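Listed here are the chains, written in short residue letters.
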Amino acid sequence: MRKFLLGTAVAAVAAGLALVPGTANAWWHGGFYGPRVVFFGPPVIYGPPPPVYYAPPPVVYAPAPPAGQTCYAGAYVCPLDQPTPVNGGCSCPTNQGRAYGRAR
């Protein structure tokens, strides 16, 4: 009986050693194999990375000049229907036509 137990123990150890897994690979070296032999391997990297590009600063425009809202045409003063640049030409209605002046 003792020989039988010793033989069983030796067989169990041998079977256990046979079932020990091999070393693991950290990188998958395989590919996709379909009906035809097609291999998709790891990506290929060519050369150094592209140079660093610094974007230009945003465009900043000068502020618009203040707009005049009143027309001064000699003895006549009238509001403007749309903003006009300061010292720009304008006109006011009169009883005999239009009087021309400057916006302020």
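The rules behind the values
- Residues numbered from 1 in each chain as written.
- Predicted model: local features only at pLDDT ≥ 70, side-chain atom pairs only at ≥ 80, totals over all residues.
- Heavy atoms only, no water.
- Helix = DSSP H or I, 4+ residues; strand = E, 2+ residues; numbered from the N terminus.
- Buried < 20%, exposed > 50% of the residue type's maximum accessible area, 1.4 Å probe, protein only.
- Contact = heavy atoms within 4.5 Å.
- Areas by Shrake-Rupley, 256 points an atom, 1.4 Å probe, with all protein chains shown as cover.
- pLDDT = per-residue confidence, 0-100.
- Pairing = 2+ DSSP bridges.
- Axes fitted to C-alpha atoms, helices over the stretch in contact; angles between N-to-C directions.
- Disulfide = S-S within 2.5 Å.

Draft legend 1. The arrangement of the overall build of the chain in detail. A tally of regular secondary structure across the chain gives one helix and four strands. For the chain, the N- to C-terminal ordering of α and β elements is α-β-β-β-β. Across the 104 residues of the chain, 14% fall into the buried class. Expressed as a percentage of contacts within the chain between residues at least 6 apart in sequence, the contacts between residues at least 24 apart total 17%. On the chain, roughly 9,800 Å² of surface is accessible, and the fraction owed to carbon and sulfur atoms is 66%.

Draft legend 2. Focus on the confidence of the model for the chain. This prediction gives the chain a mean pLDDT of 82; 80% of its residues lie at or above 70. Mean pLDDT values over the elements of the chain span from 77, in helix α1 (residues 2–18), up to 95, in strand β4 (residues 97–103).

Draft legend 3. Structural detail: the sheet that holds strand β1 (residues 67–73). The four strands are arranged β2-β1-β4-β3 in an open sheet whose pairing can be described as antiparallel. On the outer flanks of this sheet lie β2 (76–85) and β3 (89–94), each paired with one strand and no other. On average, adjacent strands in this sheet sit at an angle of 40° to one another, irrespective of strand direction. Sheet analysis places β3 next to β4, joined by six bridges and oriented antiparallel. Across the sheet, the residue bridging to Cys92 is Ala99, located in β4.

Draft legend 4. Main features of the environment of Gly88. One can find Gly88 in the loop between β2 and β3. Residues Gly88 and Arg102, spaced 14 residues apart in sequence, show a C-alpha to C-alpha distance of 5.5 Å.

Draft legend 5. Looking closely at the state of the cysteines. Taken as a whole, this structure holds two disulfides when the rule is applied. Residue Cys71 pairs covalently with Cys90 via a disulfide, S to S 2.0 Å. Linking Cys71 and Cys90, the disulfide has an S-S dihedral of approximately 90° and is accordingly described as right-handed. Of this pair, Cys71 sits in strand β1 while Cys90 sits in strand β3; the two residues are 19 residues apart in sequence, bridging distant segments of the chain. Linked covalently through their sulfurs, Cys78 and Cys92 form a disulfide whose S-S length is 2.1 Å. Measuring handedness by torsion sign, the sulfur bridge of Cys78 and Cys92 sits at about -90° and is left-handed. In this pair, Cys78 sits in strand β2 while Cys92 sits in strand β3, placing the two residues 14 residues apart along the sequence. On the basis of relative accessible area, Cys92 is assigned to the buried category, the value being 1%. Within the chain, bonded cysteines paired by disulfides and numbered along the sequence follow the pattern 1-3, 2-4.

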